[in-house]
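# Structure at a glance
Letter by letter, the chains look like this.
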Amino acid sequence: DVYKRQLLFVVAFMVSCEMRPTTKDAIDFNDEIVADFRKLVDADDAFIDAMYYDDVAEIEKAMYDLQDFVKETTEEYENMEAFDDEDIFRKAFLELLDVYNDIAFKDYPKLVGYIYQVVEEGNTAIGDEYVKLTGKIEDKVAEAKEDFYAEQEKFAEQYDFVLE
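Quick look at the structure, then.

Reading the values: the criteria
- Residues numbered from 1 in each chain as written.
- Predicted model: local features only at pLDDT ≥ 70, side-chain atom pairs only at ≥ 80, totals over all residues.
- Heavy atoms only, no water.
- Helix = DSSP H or I, 4+ residues; strand = E, 2+ residues; numbered from the N terminus.
- Buried < 20%, exposed > 50% of the residue type's maximum accessible area, 1.4 Å probe, protein only.
- Axes fitted to C-alpha atoms, helices over the stretch in contact; angles between N-to-C directions.
- Parallel < 35°, antiparallel > 145°, perpendicular 65-115°, else oblique.
- Contact = heavy atoms within 4.5 Å.
- Nonpolar A, V, L, I, M, F, W, Y, C, P; charged D, E, K, R; others polar.
- Patch = residues over 30% accessible without salt bridge, like charges linked within 9 Å, V, L, I, M, F, W, Y side chains within 5 Å.
- Areas by Shrake-Rupley, 256 points an atom, 1.4 Å probe, with all protein chains shown as cover.
- Salt bridge = Lys/Arg side-chain N within 4 Å of Asp/Glu carboxyl O.
- Lys, Arg positive; Asp, Glu negative; His and termini not counted.
- Charge placed at Lys NZ, Arg CZ, Asp CG, Glu CD.
- Phe/Tyr/Trp six-rings, centres within 6.5 Å; stacked < 30°, edge-to-face > 60°.
- Expected span 1.5 Å × (residues − 1).

### Re the overall build of the protein
- A tally of regular secondary structure across the protein gives five helices and zero strands.
- Tracing the protein from N to C terminus, the helices and strands come up as α-α-α-α-α.
- The 164 residues of the protein split such that 37% are buried.

### Thoughts on the packing of helix α2 (residues 23-53) against helix α5 (residues 127-158)
- The interhelical angle for the contact between α2 and α5, taken along N-to-C directions, is 170 degrees, at an axis separation of 12 Å. On the basis of the axis angle, α2 is roughly antiparallel to α5. Contact residues: α2 offers A26, F29, N30, I33, V34, F37, V41, M51 and Y52, while α5 offers Y130, K145, F148, Y149, Q152 and F155.
- Here the contact of α2 with α5 is built from residues that sort into 12 nonpolar, two polar and one charged.

### Overview of a negative patch on the surface
- On the surface, a cluster of negative charge is made up of D68, E72, E75, E78, E95, D98, E138, D139, E143, E146 and D147.
- Mapped by element, the contributors of at least two residues to the negative patch are α3 (56-79), α4 (88-121) and α5.
- Considering every element that reaches the negative patch, the biggest residue donor is α5, with five residues.
- Along the chain, the position of E138 falls in helix α5.

### What about the packing of aromatic side chains?
- Taken as a whole and judged by the stated rule, the model has 14 aromatic pairs.
- Considering the side-chain rings of F37 and F148, the 5.1 Å spacing of their centres and the 20 degrees angle between planes classify their relative orientation as stacked. Of this pair, F37 sits in helix α2 while F148 sits in helix α5, and the two are 111 residues apart along the sequence.
- Given the relative accessible area of 9%, F37 is considered buried.
- Classification of F148 as buried rests on a relative accessible area of 2%.
- With a centroid separation of 5.9 Å and an interplanar angle of 55 degrees, the aromatic rings of F148 and Y149 are classed as tilted.
- Put simply, the rings of F29, F37, Y77, F83, F89, F93, F148, Y149, F155, Y159 and F161 touch in pairs and so form one group of aromatic residues.

### Some words on the pattern of salt bridges
- Scanning all chains against the criterion turns up nine salt bridges.
- Across the pair D102 and K140 runs a salt bridge whose closest N-O atoms are separated by 2.7 Å. With D102 in helix α4 and K140 in helix α5, the pair connects residues that are 38 residues apart, well separated along the chain.
- For K140, a relative accessible area of 22% puts it in the partly exposed group.

### Remarks on α3
- The end-to-end C-alpha distance of α3, which contains 24 residues, comes to 35 Å, matching closely the 34 Å that a straight helix rising 1.5 Å per residue would cover.
- Within the sequence span of α3, burial applies to V56, I59, A62, M63, L66, Q67, F69, V70, T73, T74 and Y77.
- Buried residues along α3 sit in contact with α2 and α4.

### A look at the side chain of Q67
- Tracing the sequence through the fold places Q67 in helix α3.
- For Q67, the residues in contact, after removing those within four places along its chain, are A104, F105 and P109.

### Side note on the packing of α2 against α4
- α4 packs onto α2 with a crossing angle of 10 degrees between their chain directions and a minimal axis gap of 12 Å. Between α2 and α4, the angle is such that the two are roughly parallel. Side by side, α2 and α4 meet where F29, N30, I33, D36, F37, L40, D44, F47, I48 and M51 of the first sit next to F89, R90, F93, L96, L97, Y100, Y108, L111, V112 and I115 of the second.
- Tallied by class, the residues present in the contact of α2 with α4 amount to 16 nonpolar, one polar and three charged.

Here it is, written out as structure tokens:
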């Protein structure tokens, strides 16, 4: 009976060791999220660039592209299996995506509306509202990225690798 318990303990220990992700697994997962993070930032930058250099139709297209990316990537990460018991880095990326979802679907359409009013209707009185909203967006993004980077550092520390 004691022998069976010891054997069961050893088997359980071996299974638990095999199931824990390795440092290499963590690095690969980090790289996967970072690649998607860069695509998110690129889509956001494309929208911002369009606001300054393109007509309203191109601005809207860039906004819709960003919205599509945020929606699809959020669904992908929501449906993804947890990396480990804590799953801190995937959750951190989902939180970042949630902020971008709010910006892409609520704030950016307001910005496009302001731009439309200026370009198409010649209404320059909305300048203060535009500036306030862009400041609010910049603050949200900066805070969300700071939180994301902090969780990434914890994840790297947890799996003993250095971020480059």
